[in-house]
Amino acid sequence: QVELEESGGGLVQFGGSLRLSCRASGTIFKIGTMAWYRQGPGKQRELVASITAGGKERMSDSVKGRFAISRHNGENTVSLQMNSLKPDDTAVYYCNAAALTSLFSTPMDVWGQGTLVTVSS
């Protein structure tokens, strides 16, 4: 079983910064693409950023230029550096990963519990 644990959420003022981290643990053969999603109040869950095992990044237009995603493959960890935060960034942020527990296993979609980011005006 593979689990994801997020950390780094909290309260920050407008224009501030936070760094979220997500670590995969358990029986892991390989972690493929890892991503950050978020769900704001009254909104649908949306993709914020993703990064493949090879380092290819994808960033939502709404955060491009302010956020950065990075990955430490050796520890199956992904981070999201969030700068110039705005109230619209307030959301529960979820880590997501495609995980394989063995060479012949089917990739499974794993989600973290979520960490709350609140940006004050």
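Participant: Go over the packing of aromatic side chains with me, naming the residues and quoting the values.
Facilitator: The full count for this structure, using the stated rule, is 1 aromatic pair. Over the ring of tryptophan 111 we find arginine 45, and its NZ or CZ is 4.8 Å from the ring centre.

Participant: An account of the state of the cysteines is needed here, citing residue identities and associated values.
Facilitator: Scanning the entire structure with this criterion turns up 1 disulfide. Two residues, cysteine 22 and cysteine 95, share a disulfide whose sulfurs are 2.1 Å apart. Since a negative S-S torsion denotes a left-handed disulfide, the cysteine 22-cysteine 95 link at about -85 degrees is left-handed. Within this pair, whereas cysteine 22 is found in strand 3 (residues 18-26), its partner cysteine 95 is found in strand 9 (residues 91-100), the two being separated by 73 residues in sequence. Taken individually, cysteine 22 and cysteine 95 each receive the classification buried, so the pair is uniform in this respect.

Participant: An account of the pairing of strand 8 (residues 77-82) is needed here, citing residue identities and associated values.
Facilitator: Of all 6 residues in strand 8, 5 are buried; the element is thus mostly enclosed. Alignment of strand 3 against strand 8, held across 6 bridges, turns out to be antiparallel. Considered in strand 8, the bridge of arginine 23 is made with threonine 77. For strand 7 (residues 67-72) and strand 8, the ladder comprises 6 bridges, and the chain directions are antiparallel. Across the sheet, residue phenylalanine 67 finds its bridge partner in strand 8, namely methionine 82.

Participant: Talk me through the pairing of strand 4 (residues 30-39); I want residue IDs and the actual numbers.
Facilitator: As defined by bridge partners, strand 4 adjoins strand 9 across 8 bridges and the pair is classed as antiparallel. Following the sheet pairing, lysine 30 is matched in strand 9 by leucine 100. In terms of strand pairing, strand 4 meets strand 5 (residues 46-51) through 5 bridges, oriented antiparallel. The residue of strand 5 that forms the bridge with alanine 35 is serine 50. Hairpin remark: strand 4 followed by strand 5, antiparallel, with 6 residues in the connecting loop; positive phi at glycine 42, about 70 degrees.

Participant: Report on the environment of glutamine 1, specifying residues and quantitative values.
Facilitator: Inspection of the secondary structure assignment puts glutamine 1 in the segment before strand 1 (2-7). Considering only alpha carbons, one finds glutamine 1 and leucine 85, 84 residues apart in sequence, at a separation of 34 Å.

Participant: Give a detailed account of the environment of glycine 15, specifying residues and quantitative values.
Facilitator: Secondary-structure assignment places glycine 15 in the loop between strand 2 (10-13) and strand 3. Residues glycine 15 and serine 120, 105 residues apart in the sequence, show an inter-C-alpha distance of 9.3 Å. In contact with glycine 15, other than residues within four places in its own chain, are Ser84 and Leu85.

Procedures and definitions
- Residues take numbers from 1 onward in each chain, read along the sequence in its written order.
- Side-chain atom pairs in this predicted model are given and counted only at pLDDT of 80 or more, local residue features only at pLDDT of at least 70, and totals for whole chains, interfaces and linings cover all residues.
- Only hydrogens and water are set aside; all other atoms, that is, all heavy atoms of the structure, feed into the side-chain values.
- In this scheme Phe, Tyr and Trp rings, the latter by its six-membered ring, pair at centre separations within 6.5 Å, and the angle between planes marks the pair as stacked below 30 degrees, edge-to-face above 60, and tilted otherwise.
- When the NZ atom of lysine or the CZ atom of arginine is within 6 Å of a ring's centre and also within 35 degrees of its normal, the charge is said to sit over that ring.
- Disulfides are defined as cysteine sulfur pairs within 2.5 Å.
- Put simply, DSSP marks the helices as runs of H or I at least four residues long and the strands as runs of E at least two long, and each gets a number from the N terminus on.
- Exposure classes here rest on a 1.4 Å probe applied to the protein chains alone. A residue is buried below 20% of its type maximum, exposed above 50%, and partly exposed in between.
- Strands pair, by our definition, only if DSSP identifies at least two bridges between them.
- Residue contacts are counted whenever heavy atoms from the two residues lie within 4.5 Å of one another.

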